[in-house]
Amino acid sequence: VQLQASGGGLVQPGGSLRLSCTASGSDSRINVMGWYRQAPGKQRESVATITTNHGSTYYADSVKGRFTISRDIAKNSVDLQMNSLKPEDTAVYYCTATTRYTTSWGQGTQVTVSS
């Protein structure tokens, strides 16, 4: 599966960004799509995931109430709306797509929250 992500950038604290990711080239059905992030000096962590069939979601405690994940089944895409951004949200964000057999990762997009 190839994943193309976009939407990162620099934003002030309290601002918003929307990340988008489109999957292509999958021979198997994609069951879950999601976003992970890795901040400098920290381990990669799951931010939010969504199942493609029922739209069931998972959010890390640190982003609950601020981030919203959504998917477009027809486009094989997933978005992450990020509101009320904090400096601690600064990280490289990675899109993922999970089939029955494997999880694929996108190239990462930088999100920087700074005044």
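For clarity, every value in this text was computed on a predicted model and none was experimentally measured.

Caption draft 1: Up close: the overall build of the protein. Helix and strand counts for the protein come out as 0 helices and 11 strands. Across the protein, helices and strands are ordered from the amino to the carboxyl terminus as β-β-β-β-β-β-β-β-β-β-β. Taken over the C-alpha trace, the protein has a radius of gyration of 13 Å; the compact-globule value for 115 residues is 13 Å, and the two agree within 12%. The principal-axis extents of the C-alpha atoms in the protein amount to approximately 45 × 25 × 20 Å. Looking at the protein residue by residue over its 115 residues, the buried ones come to 41%. Looking at charge distribution, the protein has the averaged site of its 11 positive side-chain charges lying 3 Å from that of its 7 negative ones.

Caption draft 2: The arrangement of the packing of aromatic side chains in detail. Applying the stated criterion across every chain yields a total of 2 aromatic pairs. Taking 6.3 Å as the distance between ring centres and 75 degrees as the angle between the ring planes, the aromatic pair formed by Y94 and W105 counts as edge-to-face. Residue Y94 is found in strand β9 (residues 91-99), and its partner W105 is found in strand β10 (residues 103-105); the two are separated by 11 residues along the sequence. Each residue in the set Y36, Y94 and W105 is aromatic and connected to the rest through ring pairs, giving one cluster. Over the ring of Y94 we find R44; its NZ or CZ atom is 3.9 Å from the centre of that ring. Looking at R44, its charged tip hangs above the ring of W105, at a distance of 4.7 Å from the centre.

Caption draft 3: Quick look at the nonpolar core. Counting residues in each nonpolar core, the largest one holds 29 residues, and the members touching the most others are W35, L80, M82 and Y93. If you list the elements that add at least two residues to this core, you get β1 (2-6), β3 (17-24), β4 (30-38), β5 (45-51), β7 (67-72), β8 (77-82), β9 and β11 (109-113). Setting aside anything within four residues of it in sequence, one finds M82 in contact with G15, S16, L17, L19, R66, F67, Y93 and V111.

What counts, and where the lines are drawn
Residues numbered from 1 in each chain as written. Predicted model: local features only at pLDDT ≥ 70, side-chain atom pairs only at ≥ 80, totals over all residues. Heavy atoms only, no water. Helix = DSSP H or I, 4+ residues; strand = E, 2+ residues; numbered from the N terminus. Rg over C-alpha atoms; globule rule 2.2 N^0.38 Å. Buried < 20%, exposed > 50% of the residue type's maximum accessible area, 1.4 Å probe, protein only. Lys, Arg positive; Asp, Glu negative; His and termini not counted. Charge placed at Lys NZ, Arg CZ, Asp CG, Glu CD. Phe/Tyr/Trp six-rings, centres within 6.5 Å; stacked < 30°, edge-to-face > 60°. Lys NZ or Arg CZ within 6 Å of the ring centre and 35° of its normal. Core = buried A, V, L, I, M, F, W, Y, C linked by side-chain atoms within 4.5 Å. Contact = heavy atoms within 4.5 Å.

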